[in-house]
Each structure stands twice: as structure tokens, then as C-alpha cells.
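Residue-level structure breakdown
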Amino acid sequence: MADDDSGLKKPATQVVTGGRRKNWTGAVVNPPVWRGSTHLYENVADLREGLKTNDDGRFFYGRRGSPTQWSLADALTEMEPGAAGTMLYPSGVAAISCALLAVLNPGDEILLTDSSYDPSRSFADAFLKRMGITARYYDPLIGADIAEMFGPATKAILMESPGSLTFEVQDVPAICKAANAAGIVTLLDNTWATSRFFPALQHGVDIAITAATKYIVGHSDVMMGAVTTHDKYWPRLRRTAQQLGQVVSPDDAYLAARGLRTLDVRLRQHEASALEIAQWLKQRPEVGLVLHPALPDCPGHDIWKRDFKGASGLFSFELADADEHSRAVFIDALALFGIGYSWGGFESLALPVDPAKHRSAVPWTPRGALVRLNIGLEDPADLIADLAKAFEYYHSVSP
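The present account deals with the structure reproduced in this document. Everything quoted here is computed from the prediction, not taken from an experiment. (Residues numbered from 1 in each chain as written. Predicted model: local features only at pLDDT ≥ 70, side-chain atom pairs only at ≥ 80, totals over all residues. Heavy atoms only, no water.)

**Section: the pairing of strand E5 (residues 185–189)**
- With five of five residues buried, E5 is to be regarded as a mostly interior element.
- Neither face of E5 is open: one carries Val185, Leu187 and Asp189, the other Thr186 and Leu188, and all of them are buried.
- Across five bridges, strand E4 (residues 154–160) lies against E5 in parallel orientation. Paired with leucine 158 across the strands is leucine 187, a residue of E5.
- In this fold, the crossover linking E4 to E5 by way of helix H7 (residues 172–181) has right-handed handedness.
- In this sheet, strand E6 (residues 207–210) lies alongside E5 in parallel orientation, the contact comprising three bridges. Pairing of leucine 187 across the sheet is with isoleucine 207, part of E6. (Buried < 20%, exposed > 50% of the residue type's maximum accessible area, 1.4 Å probe, protein only. Helix = DSSP H or I, 4+ residues; strand = E, 2+ residues; numbered from the N terminus. Pairing = 2+ DSSP bridges. Right-handed = clockwise from strand over helix to strand, strands pointing away.)

Quick look at the structure:
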């Protein structure tokens, strides 16, 4: 296979060919698994020469990776137009934490969306606080008005769009424009859409974060995070990750790269099935609001329609007038939906979620009990039948 100009490739082709350089794959299709902590040099002069560079593609020591990790990072960088490089981490939370540590110092302030992933809030409210860094939260729908929150200590904004519980879609370009004018770095947890449906750097984001555990891996068998950025922040991001000793195993990198090859077709199936099920749920008398960004009544839908190239398989819905016990009865009655954290895998999941306890800027007032669904790759007709049976059982035991 001859090398191709990545700029001419369509996204579906990029996920198949990305990172498969001939010098890393040899005569096989996939880069092999290079396991090794110690990399050997020809002589002392060669050893000294290795200290002069710090780039993927040069053997140095196992912590800096091998062709197995380099190829995955290379593929993820190619998928994000305008990117200079990608660092890999052992989990999505590690990716978020290390990205923030790369751009923040004691005395700084960070603004976070009020719809932030709970571990992001926990890291900001506990770890960053111990470092003398202040966290404040903003309305996810604030848009350009976020500029009114800027102060002299504001150095970074952590966005998540859509939010992974309540699915508000933020006006990321407007927030980034305001931040850039003030010299504030912008970070985005882009796990829900991935760069396939939302090329973050093209929309003004400085640092794009993905919990690769989800859609990149796609098979619920590897923990991994990835952070991609442009030239301005790439040296700081790489240096911080190395100083913190961040590395992923070659076996995990291999599995993540294998999952990446089918990302495009999987995302399209997740999208189609989730939208079909969300629209079916909207017709159910037991259901209140359905929080799916592709539906017109989801907060920020117009922004999703303007900026996104698609929707993935994660959304929430309200069981109208239900309490915590009734919600548990409904979820427990599901047969095809597992009960567990995470999402983005091939299997469908249902999870009770309570956003109110994670809000501080904009109160969340529930009108029912919220259920988050990860729609997997099962036939949507079977998933709908499973939900229908659970509703029947729900009615049979409800007072």
C-alpha cells in the first residue's frame, strides 16, 4: 500500500488507513504489538543522539511508546484537521486531568460547563483546589456571553458538548471566539461526537479530549483516553504527560486501533438506531422529555444542526412522574439493556442518572426520573420490543 495524502481522504477512509505507515506495519496490515520497556542503542554516541529529540517514531524508552502506540496516535491526529499531535492516556479521566494540568498553574481560574462529566467536576473541585486553582461553573447554553465571566485569573474553559447526562449542546465556536480574544485556552470533552461528527479544532477548540474507551475502542474491553491539540499547546501537553509518566500498553493501543477501523460504520449504526428509539420513546405516554440532540426540543438542537455532522448513540429520557423506585423497576425489567457505567460499546446499556446533585450554576429541576440509554448495535426493533415489555411490567407493579 503506497502512502497517500491524508488531506485527500474522506473521514471513512481515514479511520481505515490512518497510522498504517509502511515502516511501522512492514508486510502486514496492522502495526504489530511491540512490547518492550528497554530500547537498545548501537553505541554510546547513538544513545546521546537519542536525547536530542522527543518525537514519536524514534525509539528511546518504553514509556515513550513504540510503533503500536505511535500508529494509533498518528491516526487520531490525522482525524482532527489542524492538529499537531495526540497523546494517549490509560483512561478518559487521565486524559482530562493531564490536559488541565498542562495549561493551569496555581492561582489560575478555570470555567467548566455545569453539565460536566462528574469526574471532571471532582477533579476540579478537589485536586485543582488543593493546587490553588479555582473552578467556577457556567450555564451550558451561555454562548458568547461567557465573556462576562472572564476575570484576570481565568486561564481555561473546559466544555463538554453535548453534556453526557442532560445533553445540552453548547455554542462551542462562540465560546472559543470569546476565549481566544481574551487569551484563554479552550478544552472540549468531545467523547460523544468524536472528531468524526465534530472536528473540534476546526471549530476553534485548542485541545480536544476523547475518552477512547467509548467509541474509538468500541468493544467495551479497553480503557483509554486521547488528547489532540495544535502547535501552540502540543509541546506543553507532551511534556506534562511525560513528566507524569503517562503511557498506555501496546496491547491496549493495538485493540484501540482495531476498534478505530470500524468507527465510521459503527457510529452511523449507533446514530440510526438511537434516533429511531428516541422517536419511539417520544410517543410513549410514560415518557416526558427525550434529551437527544437531534430532536428539536433538546436544548441546543439548533446548534447541533448547525455544527455537527451526526449524532451518536447516547441520550436520556424522563420517566414522567416516576420516583427512584419506579425507575429502578423499569430498568430492572429490561433484558437486552445491561446496567452499567460507560457507553459507546456494541452493547446497549441503561443507567439511572440524577443530574441535580451535580449542578451549581443552573439548577436541574426534574419532572420525572431520568434514564440514560446507550444504544448499541443490536437490531433496534428488538431494543424497542424490550423497552415496550419493560413499560408493561412497569405498569403492572406501579400503584
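**Here's the deal with helix H10 (residues 250–260)**
- Those residues of H10 that sit buried are Pro250, Ala253, Ala256, Ala257, Gly259 and Leu260.
- Those residues of H10 that are buried lie in contact with helix H1 (11–17), helix H4 (67–78) and helix H11 (263–282). (Contact = heavy atoms within 4.5 Å.)

**Details of the pattern of salt bridges**
- Under the defined criterion, the tally for this structure stands at 16 salt bridges.
- Salt-bridge contacts for glutamate 49 lead to lysine 52; the nearest nitrogen and oxygen are separated by 3.2 Å.
- Since its relative accessible area comes to 38%, glutamate 49 is described here as partly exposed.
- Linking glutamate 109 and arginine 136 is a salt bridge whose minimum nitrogen-to-oxygen distance equals 2.7 Å. Of the two residues, glutamate 109 sits in strand E2 (residues 109–113) while arginine 136 sits in strand E3 (residues 134–138), which places them 27 residues apart along the sequence.
- A relative accessible area of 11% means that glutamate 109 is categorised as buried.
- If you follow the salt bridges from partner to partner, you end up with Asp171, Arg306 and Asp307 in one network. (Salt bridge = Lys/Arg side-chain N within 4 Å of Asp/Glu carboxyl O.)

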